[in-house]
Amino acid sequence: MLAILKQCLLRLFRSPSSIFFVLIFPSLLIFVLGNMLANLDNPDWTLGEIKLGYAAAAVDAPYEAAQQIFFDALADHEFIDLKRMDGQAAAERAVNSGEIDAALSLSLPDGITVYEGDDAVKNRAVGLIAQSFAREYAAAETVYASVGDDVDSRLHGDDKGGVVPDYGKEGASDSSLVESRTAEMSRSMLDYYAVAMIVMIAFIGGAISGAVTMYTDRMDGTLRRVLCSPKTRASVFVEYVLGALPQSILQTAVAMAVATVFFGAHYAQTAAQNLLLFGALTLVGFAVTTLFMVIGLAVRTNPYMPLMAILWVSLFLSGTFDKSIAVGGLTEHMPAYVIQSAAFDLTVFGREEKLLAVMGVCAVVAALSAVAGALLLNRKKVVS
């Protein structure tokens with residue numbers, strides 16, 4: 001194992017082009033793109049007007065009033081073009097035909113349904129609107145269940161000794177049911193590319209390194225000589241896989257360190273979250289490398305040029321180089337886009353769930369690829 005690991009490290013550090021592409025190029029792109037586009041681009045998506053349909057079910061009077069208040073508030077928003085739909089089926093048809101961007105169907109107290117269209121950004125916005133309403137409604141129900149008809153006196157105070165909470169300030173009464181908090185969220189273009197360029201090198205560096213390494217070692221006889229050792233073929237492939245791990249660690253660590261120390265980029269808010277982000281991006285690179293090692297065992301021609309073309313196009317469509325790129329029905333399903341979205345969910349909002357899911361998928365991909373590669377190498381005649 002140590003011999004193959006040493007070989008992989010020497011191959012990386014003895015090649016000036018590999019050192020530049022894997023360790024220097026991502027940091028260079030973070031600096032160039034992050035500064036060049038700082039005044040030309042905005043790190044947040046442009047939403048524009050949302051054509052939003054809505055259908056309200058027939059419910060009891062108190063719930064009907066709550067529904068109407070919600071839709072009236074939406075209608076007053078300058079960026080929402082609200083259209084009433086004749087039932088859930090009509091709302092869904094309007095979304096599918098492209099007449100509206102999305103639709104909401106409300107039936108209190110049962111819930112709220114979102115019908116999504118082709119625009120991923122607008123779908124997310126409408127989903128957040130629905131979630132916000134659901135949480136506000138749940139909060140209102142909780143307050144009412146806690147204090148009953150005494151809601152007004154508990155929240156605002158009265159002559160009979162009601163509480164007047166000093167929300168959000170030290171010393172506020174323990175009986176306060178509401179706390180005022182300010183969300184602190186910002187992201188520069190440097191912050192955007194500090195993540196996106198690591199995803200870029202994880203895909204391009206990992207894929208090309210994995211596929212070309214196995215292809216080259218097959219063609220120049222290196223793999224054939226290694227297989228002459230007493231080791232089993234399966235263990236040889238596993239050792240190749242483990243030999244790729246240092247590159248994944250280095251390319252992520254160097255890019256994050258340089259972007260933070262020298263360029264002033266920001267990742268997550270806490271050390272623990274930054275460690276999670278580092279582990280996730282490292283695992284992404286490792287999973288990509290392992291998967292493409294299997295491809296390197298199977299192909300008959302050098303995969304470098306085809307892979308380079310395919311990966312650059314896929315990353316472009318994922319918004320890795322330009323976040324404004326969004327092809328409806330395609331971009332949101334691209335692997336790089338999914339990974340970037342999960343990373344930004346952590347760095348911008350502090351939410352870890354999506355990134356943990358990405359790590360789980362990457363671990364499964366790496367494990368299955370290692371098994372598939374070991375089985376393929378057992379069956380394959382190695383070219384000398």
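Residues numbered from 1 in each chain as written. Predicted model: local features only at pLDDT ≥ 70, side-chain atom pairs only at ≥ 80, totals over all residues. Heavy atoms only, no water.

A.B. asks: Sorry, what's going on with the pattern of salt bridges here?
C.D. replies: A side chain of one charge can pair with a side chain of the opposite charge when the charged atoms of the two come close. Applying the stated criterion across every chain yields a total of 3 salt bridges. For Asp-101, the salt bridge identified is with Lys-122, shortest N-O distance 3.5 Å. In this pair, Asp-101 sits in the loop between α4 (88-97) and β3 (102-107) while Lys-122 sits in helix α5 (residues 120-147), placing the two residues 21 residues apart along the sequence. For the salt bridge of Arg-124 with Asp-345, the shortest nitrogen-to-oxygen distance reads 3.3 Å. Taken together, the residues Arg-124 in helix α5 and Asp-345 in helix α13 (residues 335-349) connect sequence positions 221 residues apart. For Arg-124, a relative accessible area of 37% puts it in the partly exposed group. By sharing partners, the salt bridges in this structure join Arg-124, Asp-345 and Arg-351 into a single network. (Salt bridge = Lys/Arg side-chain N within 4 Å of Asp/Glu carboxyl O. Helix = DSSP H or I, 4+ residues; strand = E, 2+ residues; numbered from the N terminus. Buried < 20%, exposed > 50% of the residue type's maximum accessible area, 1.4 Å probe, protein only.)

A.B. asks: Is there a simple way to think about the environment of Leu-9 in this case?
C.D. replies: Examined against the element boundaries, Leu-9 turns out to sit in helix α1 (residues 2-13). For the pair formed by Leu-9 and Gly-243, sequence separation is 234 residues and the distance between their alpha carbons is 7.6 Å.

A.B. asks: Would you mind showing me how to read the nonpolar core here?
C.D. replies: The nonpolar side chains of soluble globular proteins are, as a tendency, buried together. Judged by nonpolar contacts, the single largest core of 69 residues is most densely connected at Met-197 and Met-200. Among the elements that line this core, the one with the most residues is helix α7 (residues 189-219), at 20 residues. Residues contacting Met-197, with those up to four places away along its chain left out, are Pro-26, Leu-29, Ile-30, Leu-33, Thr-320 and Phe-321. By size, the runner-up hydrophobic cluster in this structure holds 15 residues, among which are Tyr-54, Phe-71, Leu-106 and Ala-130. (Core = buried A, V, L, I, M, F, W, Y, C linked by side-chain atoms within 4.5 Å. Contact = heavy atoms within 4.5 Å.)

A.B. asks: Could you clarify how one ought to interpret the sheet that holds β3 in this entry?
C.D. replies: What links the strands of a sheet is backbone hydrogen bonding, and the strands pair in either a parallel or an antiparallel sense. Here 4 strands make up an open sheet; going across it, the order is β2-β1-β3-β4 and the pairing mixed. At either end of the open sheet lies a strand with only one pairing partner, and these are β2 (80-84) and β4 (111-116). In this sheet, neighbouring strand axes are inclined to one another by 25° on average, regardless of whether the strands run parallel or antiparallel. Set on the sheet, α4 makes contact with β1 (50-56), β3 and β4; between it and β4 the angle comes to about 25°. (Pairing = 2+ DSSP bridges. Axes fitted to C-alpha atoms, helices over the stretch in contact; angles between N-to-C directions.)

A.B. asks: What am I meant to see in the side chain of Gln-251 here?
C.D. replies: With respect to the helices and strands, Gln-251 occurs in helix α10 (residues 245-261). According to the relative accessible area criterion, Gln-251 is buried, its value standing at 2%. Setting aside residues no more than four positions away along its own chain, Gln-251 makes contact with Val-22, Leu-23, Ile-201, Ala-202 and Gly-285.

A.B. asks: It is not clear to me how the packing of aromatic side chains should be interpreted in this structure. Could you clarify?
C.D. replies: The way to describe two aromatic rings as a pair is by their centre distance and the angle between their planes. Applying the stated criterion across every chain yields a total of 8 aromatic pairs. An angle of 15° between the planes, with centres 4.8 Å apart, marks the rings of Trp-312 and Phe-321 as stacked. Among the residues examined, Phe-321 registers a relative accessible area of 15% and is labelled buried. Members of the aromatic cluster, joined through ring pairs, are Phe-20, Phe-21 and Phe-25. Positioned above the aromatic ring of Phe-349 is the side chain of Arg-351, whose terminal nitrogen or guanidinium carbon lies 4.5 Å from the ring centre. (Phe/Tyr/Trp six-rings, centres within 6.5 Å; stacked < 30°, edge-to-face > 60°. Lys NZ or Arg CZ within 6 Å of the ring centre and 35° of its normal.)

A.B. asks: What should I look at first to understand the packing of helix α2 (residues 16-36) against α7 in this one?
C.D. replies: Close contact between α2 and α7 brings their axes to 8 Å; oriented N to C, the two are set at 150°. One finds that α2 runs roughly antiparallel with respect to α7. Seen along the crossing, α2 lies across α7 with a hand that is right-handed. Residues Phe-21, Val-22, Phe-25, Pro-26, Leu-29, Ile-30, Phe-31, Leu-33, Gly-34 and Asn-35 of α2 form the contact with α7, whose participating residues are Met-189, Leu-190, Tyr-193, Ala-194, Met-197, Met-200, Ile-201, Ile-204 and Gly-205. Its residues assigned to classes, the contact of α2 with α7 comprises 16 nonpolar, 3 polar and no charged. (Parallel < 35°, antiparallel > 145°, perpendicular 65-115°, else oblique. Left-handed = near helix turned anticlockwise from the far one by under 90°. Nonpolar A, V, L, I, M, F, W, Y, C, P; charged D, E, K, R; others polar.)

A.B. asks: Could you clarify how one ought to interpret the pairing of β4 in this entry?
C.D. replies: Where β3 lies against β4, 6 bridges are found, and the strand directions are antiparallel. Each bridged residue has a counterpart across the sheet, and for Ala-102 the counterpart in β4 is Glu-116. What sits between β3 and β4 in their antiparallel hairpin is a turn of 3 residues.

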